[in-house]
Amino acid sequence: MEWNFETLSLLSIPLISAIVGWLTNYLAVKMMFYPIEFVGIKPFLGWQGLIPAKRRQMAEIEVELVLGKLLSVEELAQRLDADELTKAIERRLGQVIRKVVNDVMAESAPQLWAALPVQGKNLVYQRIENDIPNVVHKMVDDFQHNVSEILDIKELVVEQLVNAPELVNEIFLTAGSKEFPFIVRSGFYFGFLFGLPTMLLWYFYQAWWILPLGGLLVGYATNWIAIKIIFEPKRPRKLGPITIQGMFLKRQKEVSEVYSNIIEEKLITPKNITHVILHGSGSAQLLELIELHVNDAIERYVAIAQPYFALGVGSENYHKMKGLAVRQIFDNSDKYLLYAFDYANNAMQIGHDLSERMQALSVEEFEGVLRPAYQQDEWKLIVTGAILGMVAGIAQLYLVFM
C-alpha cells in the first residue's frame, strides 16, 4: 500500500504540473484584459487588466503600426459625393435651417421678422432651401481639400478607445480569437511535459526545493513558449514534411477580415468621425469652413432685399445675425449629419479596403496588429506565471509529500 501511495504521489507531479501550466496561462490571459477598471487600493495594491490600463498607448501603437499606414482620411473624404450627401441630409437640413432662420431673425431683427407676412417668410425659406445643394456641394468640396486639418485619424482612434476600454479588449480578443485559447490549452500540455523531468529528479533526489523550483519553471516556460509559438517563426519553415509558422501570422487573411469588420462597425464609423470633427482639435477649422460658406450664402440671400434689409436690421445686427447663423448651424450639425451615416458608411468602404490592405502587409508589419497586446507587459505575464507556479509547487510539496 505504501509503495502504491508513493508511486501515485510521484505520478501526480506531471499531472499537477499540467494543471499548474493551464492555470497560470489561463490567469495570464485573463489578467491581460480584466478587470477593465482598477480593483483594489491605488496605486499598487490591486490590479487592472494590462490592456485597459494602457489603452492610450495601445491605441497609439495600433494607429502607428496599422491604421495610420493603411487608412488615408484624404482618400476616404474623396469618396463622398456631394450630390448623394445632399440627398441624404436635405430634408432634415431644411428643417434645421427653418428653425435657425426663425431663431436668428427673432433675435437679430425681431420687429422686421414679426412684420413679415407668412407668405414672405415662406419665400425666404424656399429661397434658402433651393440653395442648399449648392452650399452643401461647395462645403463638401472644401472639406475634401482640407480634411487633414479637420480630421486626425490618430485622434479619432485614440479618443474612442480611451473612452471605451471594452472596445480595446474586443479588438484584441477578436484578432486573437484562436491564439488566446491556444495559450491556455498549451499550458496544460507543456506543463505535463515539463513535469516529467521534475518527477524523475524528485524520484532520485527528494530535496524540498525541487517542487517549488519545478513549479516556477513550469509557470515561466509555459507562458514564454506559448507567446513565442504565436509569433515565431515569422515566415514559413519546412521541418521535413511539416511547415511551421507563427500561429497568428499564419492566419493573416482571416484576422484581416475580422479585424477590419470590427474597426468599421465600432471604431471608425461615420458617427465617431462626425463626433471628432465637431468636437476634436479640427473643429475650429470646420467652423471656419461653415462660416465662410454660410456668410457667402447670406450675402447672396439679402442682396436682393437691399437696401430695405439693411435699413430694417442695421449693420451691427447684420453682423450679429451672421455670427448667430453660423454658430447655430454648427451646433446643430449632428442633427442633420446623422442622416448621412448610412450613405457615408457605404461610400467609404473602410472595412473592405482595410481588409485587403492588411492582407497585403508583410509579416513583420502584420505582427503589429496583435503583438502590442503582449509586448508592452509580456514580462509581467511571464513573471506572474512563474510566481503562481512556484506557489503551486510549494502547495504540492506540503499537501502530497509531507
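These notes cover the structure that comes with them. Quantities reported herein were computed from a predicted structural model and do not represent experimental measurements. (Residues numbered from 1 in each chain as written. Predicted model: local features only at pLDDT ≥ 70, side-chain atom pairs only at ≥ 80, totals over all residues. Heavy atoms only, no water.)

So, about unusual backbone geometry. Residue Tyr34 is joined to Pro35 through a cis peptide bond whose omega torsion reads -5 degrees. In this structure, the amide linkage connecting Glu232 to the following residue, Pro233, adopts the cis form with an omega of -10 degrees. For Pro233, the location among the structural elements is in the loop between helix H11 (210–231) and strand E3 (237–239). In this structure, Gln349 takes a positive phi of about 50 degrees despite not being glycine. With respect to the secondary-structure elements, Gln349 resides in the loop between helix H19 (341–348) and helix H20 (350–359). (Helix = DSSP H or I, 4+ residues; strand = E, 2+ residues; numbered from the N terminus.)

What follows covers the pattern of salt bridges. Counted under the stated rule, the structure contains 16 salt bridges. A salt bridge links Glu257 to Lys253, with the shortest nitrogen-to-oxygen separation between them at 2.8 Å. Taken as a pair, Glu257 and Lys253 lie in helix H13 (residues 252–267) at a separation of 4 residues, close to a single helical turn. Since its relative accessible area comes to 32%, Glu257 is described here as partly exposed. (Salt bridge = Lys/Arg side-chain N within 4 Å of Asp/Glu carboxyl O. Buried < 20%, exposed > 50% of the residue type's maximum accessible area, 1.4 Å probe, protein only.)

So, on to a nonpolar patch on the surface. Residues Leu201, Tyr203, Phe204, Tyr205, Trp208, Trp209, Leu213 and Leu217 make up a contiguous nonpolar surface patch of roughly 960 Å² in combined accessible area. Counting residues per element, the nonpolar patch draws most heavily on helix H10 (residues 179–204), which supplies 3 residues. (Patch = residues over 30% accessible without salt bridge, like charges linked within 9 Å, V, L, I, M, F, W, Y side chains within 5 Å. Areas by Shrake-Rupley, 256 points an atom, 1.4 Å probe, with all protein chains shown as cover.)

We now examine the environment of Gly368. In this structure, Gly368 sits in the loop between helix H21 (363–366) and helix H22 (371–375). Taking the C-alpha atoms as reference points, Gly368 and Ile382, separated by 14 residues in sequence, lie 20 Å from one another.

Along an α-helix, a turn takes 3.6 residues, which lines up residues three or four apart on a common side. Burial within helix H14 (residues 270–279) is extensive, with 7 of its 10 residues counted as buried. Listed in full, the buried residues belonging to H14 are Pro270, Asn272, Ile273, Thr274, Val276, Ile277 and Leu278.

Turning our eyes to something else, we now look at the nonpolar core. Proteins that are soluble and globular tend to have nonpolar side chains buried together. One finds Leu67, Phe248, Tyr259, Ile263, Leu267, Ile268 and Met358 to be the most contacted residues of the largest nonpolar core, which totals 98 residues. When neighbours within four sequence positions are excluded, Ile263 is seen to be in contact with Leu67, Ile171, Ile268 and Leu354. Formed by 8 residues, the second largest nonpolar core is a distinct cluster that contains Leu10, Trp202, Leu211 and Leu397. (Core = buried A, V, L, I, M, F, W, Y, C linked by side-chain atoms within 4.5 Å. Contact = heavy atoms within 4.5 Å.)

Attention shifts here to the packing of aromatic side chains. Counted according to the given criterion, the structure contains 9 aromatic pairs. Geometrically, the ring pair formed by Trp22 and Tyr26 is stacked, given 5.3 Å between the ring centres and 10 degrees between the ring planes. Of this pair, Trp22 and Tyr26 both sit in helix H1 (residues 2–33), 4 residues apart, which is roughly one turn of the helix. Among the residues examined, Trp22 registers a relative accessible area of 36% and is labelled partly exposed. The class for Tyr26 is partly exposed, based on a relative accessible area of 33%. Geometrically, the ring pair formed by Phe188 and Tyr189 is edge-to-face, given 6.1 Å between the ring centres and 90 degrees between the ring planes. Ring pairing ties together the aromatic residues Phe33, Tyr34 and Phe180, which thus form one cluster. (Phe/Tyr/Trp six-rings, centres within 6.5 Å; stacked < 30°, edge-to-face > 60°.)

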